[in-house]
Amino acid sequence: GESVGLHLPTLSVQEGDNSIINCAYSNSASDYFIWYKQESGKGPQFIIDIRSNMDKRQGQRVTVLLNKTVKHLSLQIAATQPGDSAVYFCAEIRMTTDSWGKLQFGAGTQVVVTP
Amino acid sequence: DGGITQSPKYLFRKEGQNVTLSCEQNLNHDAMYWYRQDPGQGLRLIYYSQIVNDFQKGDIAEGYSVSREKKESFPLTVTSAQKNPTAFYLCASSIGTGLTGELFFGEGSRLTVL
């Protein structure tokens, strides 16, 4: 059955500090990973992606690290700002039976930025 | 501006009623998706469509139905067979398959069963 009323893991960060959000994925055959940010009551927004042939990718204030050995993904946010408060999801691409890629989302991490 | 429009944003339904959530995109994307989001959980795929007049079940399709008569439209019907329909529903689209890039999401529709 469904799980009801789960609480998201929460990361509390002081404004100006760096944030590190972690994600463990399950399929060693996944080819592509994406981080999304979701603000309250809104749809997720793309932050950054990384392919399985890379270990690191940098964007504006964000860095994604991929460790395929332990199937771990992390998102680092530099100089965290109040506007970074949101739920962050990692997603992996798994191939479906008809060879079509389908995103599989993690449960998410709530980031709370304190002044 | 290009994007994905979901309506209504909030919807209330009595038990036993079917409701249809609208999703329209003007991004000229081939693929469209419906996800369900429950508190404290990730997004779960309900249905997806790679092309007009074709769609496939996702992980939790029971109690839902969709149609894809036009490229820009992918409505979701929550039927009375869905036992726990109260949730936040997200529609998304992508240029091609998920392997080629990101999903673009709408703002969501929150359905509450009274």
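Thresholds applied
Residues numbered from 1 in each chain as written. Chains lettered and ligands numbered in written order. Predicted model: local features only at pLDDT ≥ 70, side-chain atom pairs only at ≥ 80, totals over all residues. Heavy atoms only, no water. Disulfide = S-S within 2.5 Å. Helix = DSSP H or I, 4+ residues; strand = E, 2+ residues; numbered from the N terminus. Buried < 20%, exposed > 50% of the residue type's maximum accessible area, 1.4 Å probe, protein only. Contact = heavy atoms within 4.5 Å. Pairing = 2+ DSSP bridges. Axes fitted to C-alpha atoms, helices over the stretch in contact; angles between N-to-C directions. 1 Å grid on protein atoms, 1.4 Å probe; cavity = no way out; pocket = protein on both sides within 12 Å on 5 of 7 lines; lining within 4 Å. Points joined across faces, edges and corners; volume = space filled by probe spheres on them. Nonpolar A, V, L, I, M, F, W, Y, C, P; charged D, E, K, R; others polar. Polar contact = N/O pair within 3.5 Å; in protein donor to acceptor, adjacent residues only side chain to side chain. Salt bridge = Lys/Arg side-chain N within 4 Å of Asp/Glu carboxyl O.

Peer 1: Explain the state of the cysteines residue by residue, including any values.
Peer 2: All told, the structure shown has 2 disulfides over all chains when counted by the stated rule. Through a disulfide, A:Cys23 is tied to A:Cys90; the S-S separation comes to 1.6 Å. In this pair, A:Cys23 sits in strand E2 (residues 19-24) while A:Cys90 sits in strand E8 (residues 86-95), placing the two residues 67 residues apart along the sequence. With respect to burial, A:Cys23 and A:Cys90 carry one shared label: buried. A sulfur-sulfur distance of 1.9 Å marks the disulfide that ties B:Cys23 to B:Cys91.

Peer 1: For the side chain of A:Thr63, give the residues involved together with the corresponding values.
Peer 2: As for its placement among the helices and strands, A:Thr63 is situated in strand E6 (residues 62-67). What A:Thr63 contacts, discounting residues up to four positions off in sequence, is A:Lys56, A:Arg57, A:Gln58, A:Ser74, A:Leu75 and A:Gln76.

Peer 1: Which residues make up the environment of A:Leu11, and what values go with them?
Peer 2: Residue and element names in this part refer to chain A. Following the sequence through the fold, Leu11 ends up in strand E1 (residues 10-14). Using a relative accessible area of 24% as the deciding quantity, one classes Leu11 as partly exposed. In this structure the C-alpha to C-alpha distance between Leu11 and Asp84, which are 73 residues apart in sequence, comes to 12 Å. Once residues within four sequence positions are removed from consideration, Leu11 is found in contact with Ser19, Ile20, Ile21, Thr109, Gln110, Val111 and Val112.

Peer 1: Summarise the sheet that holds E6(A); cite the residues concerned and give the values.
Peer 2: All names here are of chain A. Read from one edge to the other, the open sheet built from 4 strands follows the order E2-E7-E6-E5, with strand pairing classed as antiparallel. Edge strands, defined here as strands with exactly one partner in the open sheet, are E2 and strand E5 (56-58). Ignoring which end each strand starts from, the neighbouring axes of this sheet average 15 degrees apart.

Peer 1: Quick rundown of empty space enclosed by the protein? Include the residues and the values.
Peer 2: Under the counting rule described, the total for this entry stands at 1 cavity of 30 Å³ or more. Space inside the largest cavity adds up to approximately 30 Å³. Every residue lining the largest cavity is listed: A:Gly41, B:Lys9, B:Tyr10, B:Phe88, B:Gly108 and B:Arg110.

Peer 1: Describe in detail the layout of surface pockets, supporting the description with residues and values.
Peer 2: Unoccupied space between atoms shows up once a probe the size of one water molecule is rolled over them. Empty space within the largest pocket amounts to approximately 340 Å³. Along its surface, the largest pocket is lined by 19 residues, and A:Leu8, A:Gln38, A:Val87, B:Gln37 and B:Arg110 are the ones closest to its centre. Within the lining of the largest pocket, the residues separate by chemical class into 7 nonpolar, 8 polar and 4 charged.

Peer 1: Give me the lowdown on the pairing of E2(A), citing residues and values where you can.
Peer 2: Two faces, one strand: in a regular strand the side chains alternate between the faces of the sheet. All names here are of chain A. Burial along E2 is one-sided: the residues Ser19, Ile21 and Cys23 are buried and none of Ile20, Asn22 and Ala24 is. Examined bridge by bridge, E2 and strand E7 (residues 72-77) share 6 bridges and lie antiparallel to one another. Across the sheet, Ala24 pairs through a bridge with His72, a residue of E7.

Peer 1: Break down the side chain of B:Ser49 for me, citing the residues and quoting the values.
Peer 2: All names here are of chain B. With respect to the helices and strands, the residue Ser49 is situated in strand E5 (residues 43-51). Within the local environment of Ser49, its side chain forms a polar contact with the backbone oxygen of Ile51, the two atoms lying 3.0 Å apart. A polar contact is formed between the side chain of Ser49 and the backbone oxygen of Asp54, at a distance of 2.6 Å. When neighbours within four sequence positions are excluded, Ser49 is seen to be in contact with Asp30, Ala31, Met32, Asp54, Phe55, Arg68 and Phe74.

Peer 1: Talk me through the pattern of salt bridges; I want residue IDs and the actual numbers.
Peer 2: Residue and element names in this part refer to chain A. If you walk through the whole model with that rule in mind, you get 8 salt bridges over all chains. The partner of Lys37 in a salt bridge is Glu39, and the shortest N-O contact between them spans 3.5 Å. A residue is classified by how much of its surface remains accessible, and Lys37, at 15% relative accessible area, is buried. We classify Glu39 as partly exposed; its relative accessible area is 26%. Sharing partners across several salt bridges, the network here consists of Lys37, Glu39 and Lys42.

Peer 1: So what about the sheet that holds strand E8 (residues 76-78) of chain B? Which residues, and what values?
Peer 2: Residues and elements named next belong to chain B. Strand order in the open sheet made by the 4 strands is E1-E3-E8-E7, with antiparallel pairing throughout. Because the sheet does not close on itself, it has two edges, and the strands there are strand E1 (4-7) and strand E7 (64-66). With strand direction ignored, the average angle separating the axes of adjacent strands in the sheet is 20 degrees. Pairing between E7 and E8: 3 bridges, direction antiparallel. Following the sheet pairing, Ser65 is matched in E8 by Thr77.

So far we have only geometry, and geometry alone does not tell us how the molecule works.
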